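The primary structure of each chain is shown beneath.
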Amino acid sequence: KQRSMPADTMSLEELLAMLERRVNPKIARLTSDVLQREIAHTVTEVAHDVINTLQPVVTAVNALLYPKSSEDSLTLFQVEEARRIKEQSGKALRILRDMKEFSKPVSLELREEEINPLVRQCMRNIQESFASIDPSVVFTFAEQGAFQVPLDRTALERVLCNLIKNAAESFQHPRGKKPRREVSIELRLHSESAMVEIVTRDNGAGIDEITLQKLREFYPGTHSHKPDGTGFGLPNAARLVRELGGI
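Remember, predicted model here, so these are calculated numbers, not experimental data.

Let us now look at the pairing of strand E4 (residues 181-190). Across seven bridges, strand E2 (residues 137-143) lies against E4 in parallel orientation. Within E4, the residue paired with threonine 140 across the bridge is serine 184. As defined by bridge partners, E4 adjoins strand E5 (residues 195-202) across eight bridges and the pair is classed as antiparallel. Along E5, the bridge assignment pairs serine 184 with arginine 201.

Printed below as a string of structure tokens:
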């Protein structure tokens, strides 16, 4: 007879699976929900405390880099080290803020609204922000009609802006190598499932199949390849889509 694994050596997933096998499934699901809420609360509070600890470091480094008088100026070596501290502290703050946002419970206020204007507004916002970064990117929006859907404007706006921004940032090839750098958004109605599909495309570098499978989930120890990325953007967008009833 196989001996049971001690609870203190089991992962959270193994522990919940054992509970579901041994007790009422409803109690197991309730236990899972409580554990997930407690974990999310702990992560949020820890992230908040570390942000408060790091913020004075960034402020102090800024004071060193931009002194009020020439007498307080740093040597070249000190400036380089201070900039490195500022860069790494700033990255840590971005990760912690995104982690805090990712761990918060989602609270939605669904209202029946037309989705088209929201998509257009998000596209315009990203287009305007990219006008000074890379004006060669062309944004297009194809509509197959006006669609009324139950949505939370704030949540869906975050999802759309994240997807469009990621698509616009996908162009790693030098300008001029490809004649057209395009981000396209399309709305499709699936009448058989009564769902509206939002399709975002770009002609950028592309994503390999292994990475594509991991985009919806956050994996500890991994991070974005973008200079300002944290790895939480697309997983958080996927989480909001699920909460909104999408897939």
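We are not done yet, so read on.
Side chains Val149 and Leu151 project from strand E3 (residues 148-151) onto a buried face, and the interleaved Gln148 and Pro150 project onto a face without burial. Bridge count for strand E1 (residues 111-114) against E3 is four bridges, and the pairing is antiparallel. When the sheet's bridge partners are listed, arginine 111 is paired in E3 with leucine 151.

Time to look at the sheet that holds E5. In space, the three strands of this open sheet follow the order E2-E4-E5, with mixed pairing throughout. In this open sheet, the two edge strands, each paired with only one partner strand, are E2 and E5. Each adjacent strand pair in this sheet contributes to an overall mean axis angle of 15°, direction not counted. Its contacts with the sheet place helix H4 (residues 116-130) against E2 and E4, and it is angled at close to 175° to E2.

What follows covers the packing of aromatic side chains. Here the structure, examined in full by the defined rule, presents one aromatic pair. Centroid distance phenylalanine 102 to phenylalanine 232: 5.3 Å. Interplanar angle 55°. Geometry classified as tilted. Taken as a pair, phenylalanine 102 in helix H3 (residues 76-103) and phenylalanine 232 in the loop between helix H6 (209-214) and helix H7 (233-243) lie far apart in primary sequence, 130 residues in all. Lying across the ring of phenylalanine 102, arginine 239 places its NZ or CZ 5.4 Å from the centre.

Before going further, it helps to examine the confidence of the model for the protein. Within the protein, residue pLDDT values average 77, and 75% of them lie at 70 or more. Mean pLDDT in the protein bottoms out at helix H1 (residues 12-22), which sits at 64, and peaks at E1, which reaches 90. Confidence drops under pLDDT 50 across residues 1-7; counting only partners more than four residues distant or on other chains, this segment forms three contacts.

With that settled, the discussion passes to the nonpolar core. Grouped together as the largest cluster of nonpolar side chains are 28 residues, with contacts concentrated most on Ile115, Phe139, Ile164 and Val183. Of all the elements in the fold, those that place two or more residues in this core are H4, E2, E3, helix H5 (153-168), E4 and H7. With eight residues, H5 is the single largest residue contributor to this core. Excluding residues within four positions of it along the chain, valine 183 makes contact with Val137, Val138, Phe139, Thr140, Ile164, Ala167, Ala168, Phe171, Arg201 and Asp202.

Along the polypeptide, glycine 204 turns up in the loop between E5 and H6. Separated by 36 residues in sequence, glycine 204 and alanine 168 place their C-alpha atoms 8.3 Å apart.

Once that is clear, we can look at the pattern of salt bridges. The full count for this structure, using the stated rule, is seven salt bridges. The salt bridge involving arginine 153 is made with glutamate 113; its shortest N-O contact spans 3.1 Å. Here arginine 153 is found in helix H5, whereas its partner glutamate 113 is found in strand E1, with 40 residues between them in sequence. For arginine 153, a relative accessible area of 38% gives the class partly exposed. Linked through salt bridges whose partners overlap, the residues forming this network are Glu186, Arg188, Glu197 and Arg201.

What counts and what doesn't
Residues numbered from 1 in each chain as written. Predicted model: local features only at pLDDT ≥ 70, side-chain atom pairs only at ≥ 80, totals over all residues. Heavy atoms only, no water. Pairing = 2+ DSSP bridges. Helix = DSSP H or I, 4+ residues; strand = E, 2+ residues; numbered from the N terminus. Buried < 20%, exposed > 50% of the residue type's maximum accessible area, 1.4 Å probe, protein only. Axes fitted to C-alpha atoms, helices over the stretch in contact; angles between N-to-C directions. Contact = heavy atoms within 4.5 Å. Phe/Tyr/Trp six-rings, centres within 6.5 Å; stacked < 30°, edge-to-face > 60°. Lys NZ or Arg CZ within 6 Å of the ring centre and 35° of its normal. pLDDT = per-residue confidence, 0-100. Core = buried A, V, L, I, M, F, W, Y, C linked by side-chain atoms within 4.5 Å. Salt bridge = Lys/Arg side-chain N within 4 Å of Asp/Glu carboxyl O.

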